[in-house]
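Coordinates in review
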Amino acid sequence: MADNTQIIDVPIGPAEVEFGDTSPIVFDITKGGIVFTANFSKQDITVDQFGDTPVKSILKGGTCQLAVPFALHDLQKLSRVMPGSIYKEDATTPNDVKKRLNVYAKAGYDLLKNAEKVVVKPTTPGTTPNDYITIPLGSPMPEIQWTYNSDNERVANIIFVGYPDKDGLFFFLGDEAVSITDDNNQSED
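Computed from a prediction, not measured in an experiment: that's the story for all the values here. (Residues numbered from 1 in each chain as written. Predicted model: local features only at pLDDT ≥ 70, side-chain atom pairs only at ≥ 80, totals over all residues. Heavy atoms only, no water.)

Observations concerning the environment of Glu 116
- For Glu 116, the location among the structural elements is in strand S7 (residues 116–122).
- Given a relative accessible area of 22%, Glu 116 falls into the partly exposed group.
- Between the C-alpha atom of Glu 116 and that of Gly 20, which follows or precedes it by 96 residues, the distance is 5.2 Å.
- Those residues in contact with Glu 116, other than ones at most four positions away along the chain, are Phe 19, Gly 20, Asp 21, Arg 80, Ile 135, Pro 136, Leu 137 and Gly 138. (Helix = DSSP H or I, 4+ residues; strand = E, 2+ residues; numbered from the N terminus. Buried < 20%, exposed > 50% of the residue type's maximum accessible area, 1.4 Å probe, protein only. Contact = heavy atoms within 4.5 Å.)

Here it is in structure tokens:
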């Protein structure tokens, strides 16, 4: 009989993404997988006596982003993540609502002003808030590439770029209900 006490539980499966602080919109139909990426950069410190061998490294910063391949043609949802856009509906005929999304080219647009909380919530059975990823300040940057043929879905790839909040929190993994205070943060010695 097999001993199942040492099962390696590797999670797989789709997720949905919530964007917004007070009334979040949900991106729940995707094609190609939601991808979270976090990278950090460092500065290697060298001295003449050891040549190019680092004697110490210092964290310089990092980046995080979330790619959400949204597979629905929903102009209203896209308006919430399209910087500098204006969405309107004409419901003169209730059974035939006309929709339009204008997207303007505005150099110098401040992406941080659109930043809100972004939460990735896996949808597989058994998922708990411990499995969530949260970016407290994520700003959307859509990359639309719609192919009109019979072989491909039209996907609007929405990239959420993470920025640190006023406390420097960049992103967190797990349950938001767990409180971490400043005395628990790692600090430079």
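Brief notes about the environment of Pro 94
- The topology assignment puts Pro 94 in the loop between strand S5 (85–90) and strand S6 (98–103).
- Along the chain, Pro 94 and Pro 24 lie 70 residues apart, while their C-alpha atoms are 26 Å from each other.

Some words on the pattern of salt bridges
- On inspection of all chains with the given rule, the structure shows six salt bridges.
- Here Asp 96 makes a salt bridge to Lys 98, at a shortest N to O gap of 3.6 Å.
- Residue Asp 96 is classed as partly exposed on the basis of its relative accessible area of 44%.
- Between Lys 117 and Glu 176 there is a salt bridge, with its nearest N and O atoms 3.2 Å apart. Of this pair, Lys 117 sits in strand S7 while Glu 176 sits in the segment after strand S10 (172–173), placing them 59 residues apart in sequence.
- Owing to a relative accessible area of 22%, Lys 117 belongs among the partly exposed residues under this scheme.
- The exposure class assigned to Glu 176 is partly exposed, which follows from its relative accessible area of 48%. (Salt bridge = Lys/Arg side-chain N within 4 Å of Asp/Glu carboxyl O.)

Digging into a nonpolar patch on the surface
- Together, Ile 8, Val 10 and Ile 12 make up a nonpolar patch on the protein surface, roughly 380 Å² of accessible area in all.
- Relative to the assigned elements, Ile 8 resides in the segment before strand S1 (15–19). (Patch = residues over 30% accessible without salt bridge, like charges linked within 9 Å, V, L, I, M, F, W, Y side chains within 5 Å. Areas by Shrake-Rupley, 256 points an atom, 1.4 Å probe, with all protein chains shown as cover.)

Structural notes on the packing of aromatic side chains
- This structure, assessed with the given rule, holds five aromatic pairs.
- Seen from their ring centres, Phe 19 and Phe 160 are 5.0 Å apart, and the 40° between their planes marks the pair as tilted. Taken together, the residues Phe 19 in strand S1 and Phe 160 in strand S9 (residues 155–162) connect sequence positions 141 residues apart.
- For Phe 19, a relative accessible area of 1% corresponds to the buried category.
- You can call Phe 160 buried: its relative accessible area is 0%.
- Ring geometry for Phe 27 against Phe 160: centres 6.5 Å apart, planes inclined by 55°, an arrangement best described as tilted. Taken together, the positions of Phe 27 in strand S2 (residues 25–27) and Phe 160 in strand S9 put the pair 133 residues apart, joining distant regions of the chain.
- A residue is classified by how much of its surface remains accessible, and Phe 27, at 0% relative accessible area, is buried.
- Through pairs of rings, three or more aromatic residues link up here, namely Phe 19, Phe 27, Phe 70 and Phe 160. (Phe/Tyr/Trp six-rings, centres within 6.5 Å; stacked < 30°, edge-to-face > 60°.)

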